[in-house]
Amino acid sequence: SQQGEEDPQALSIQEGENATMNCSYKTSINNLQWYRQNSGRGLVHLILIRSNEREKHSGRLRVTLDTSKKSSSLLITASRAADTASYFCATDPSPLQGAQKLVFGQGTRLTINP
Amino acid sequence: DGGITQSPKYLFRKEGQNVTLSCEQNLNHDAMYWYRQDPGQGLRLIYYSQIVNDFQKGDIAEGYSVSREKKESFPLTVTSAQKNPTAFYLCASSYRKAYPEKLFFGSGTQLSVL
């Protein structure tokens, strides 16, 4: 079942601009993670935010989580050509003691134009 | 180098044939996962295993089978019962004792039907 839905599906910006991607989900979660996928490759973990956290930073990445709205956003500041990739949110709706079964959204395809 | 190795990178299946995708990890991770990705889509969980000699069905297990005889290995067989096998298959692993877990992905296998 697909729980996370990213918005927009595709985003094209100029190098140096900021990129914002949004993720909405349906059920309560334990944590939400963001992953990046370069074309034809595996996913790479970017950042994890727990359900009791509201904001988290990692380098040029900023993630926010609003559990009341069941939504998260990923902000990439000062974008670079190397940031061109698809970005996926993944939610963990499992019971805390259960197996973690991440549910991935359909992704946002980000293109950074030089 | 530690990581997850998937092979082959490209695989072709003839009608009625079973094919096996390999996934090996040397990260000493307990849990391993198989995901299917269709073009422009997110990831869907096929099977997962939390421990050796145990595995559970994910959301789209029909037409697939797995085994987990060794901690390092989690091969996926796409059987002839899977009528639409063309997709990008991703294997992942995680360290369950470090909850919440982040997934480490292999570089994927592209399966196509001849």
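All values derive from a computational prediction rather than experimental measurement.

What counts, and at which threshold
- Residues numbered from 1 in each chain as written.
- Chains lettered and ligands numbered in written order.
- Predicted model: local features only at pLDDT ≥ 70, side-chain atom pairs only at ≥ 80, totals over all residues.
- Heavy atoms only, no water.
- Contact = heavy atoms within 4.5 Å.
- Buried area = accessible area lost by both parts, 1.4 Å probe.
- Salt bridge = Lys/Arg side-chain N within 4 Å of Asp/Glu carboxyl O.
- Polar contact = N/O pair within 3.5 Å; in protein donor to acceptor, adjacent residues only side chain to side chain.
- Helix = DSSP H or I, 4+ residues; strand = E, 2+ residues; numbered from the N terminus.
- Nonpolar A, V, L, I, M, F, W, Y, C, P; charged D, E, K, R; others polar.
- Core = buried A, V, L, I, M, F, W, Y, C linked by side-chain atoms within 4.5 Å.
- Buried < 20%, exposed > 50% of the residue type's maximum accessible area, 1.4 Å probe, protein only.

Q: It is not clear to me how the interface of chain B and chain A should be interpreted in this structure. Could you clarify?
A: Accessible area lost during the coming together of the parts is what is often quoted as the interface size. Facing the 24 residues of chain B at the interface are 25 residues of chain A. Summed over both sides, the interface of chain B with chain A buries roughly 2,000 Å², with 51% coming from carbon and sulfur. The interface formed by chain B and chain A holds 0 salt bridges in total. Applying the counting criterion to the chain B and chain A interface returns 5 residue pairs in polar contact (both at pLDDT 80 or more). The set of elements that each furnish at least two residues to the side of chain B that touches chain A consists of strand 4 (31-37), strand 5 (43-51) and strand 9 (87-94) of chain B. The biggest single contributor to the side of chain B that touches chain A is strand 5 of chain B, with 5 residues. In the side of chain B that touches chain A, the residues fall into 11 nonpolar, 7 polar and 6 charged.

Q: Can you help me understand the nonpolar core in this one?
A: Across soluble globular proteins, nonpolar side chains have a tendency to be buried as a group. Residue and element names in this part refer to chain A. Counting residues in hydrophobic clusters, the biggest one holds 22 residues, and the most contacted among them are Leu32, Trp34, Leu74, Ile76, Tyr87 and Leu110. Looking at this core, the elements with two or more residues in it are strand 2 (10-14), strand 3 (19-24), strand 4 (31-37), strand 5 (43-50), strand 7 (61-66), strand 8 (71-76), strand 9 (85-92) and strand 11 (108-113). Ignoring anything within four residues of it in the chain, the contact list for leucine 110 reads Leu11, Ile13, Ala19, Met21, Ile76, Asp83, Thr84, Ala85 and Tyr87.

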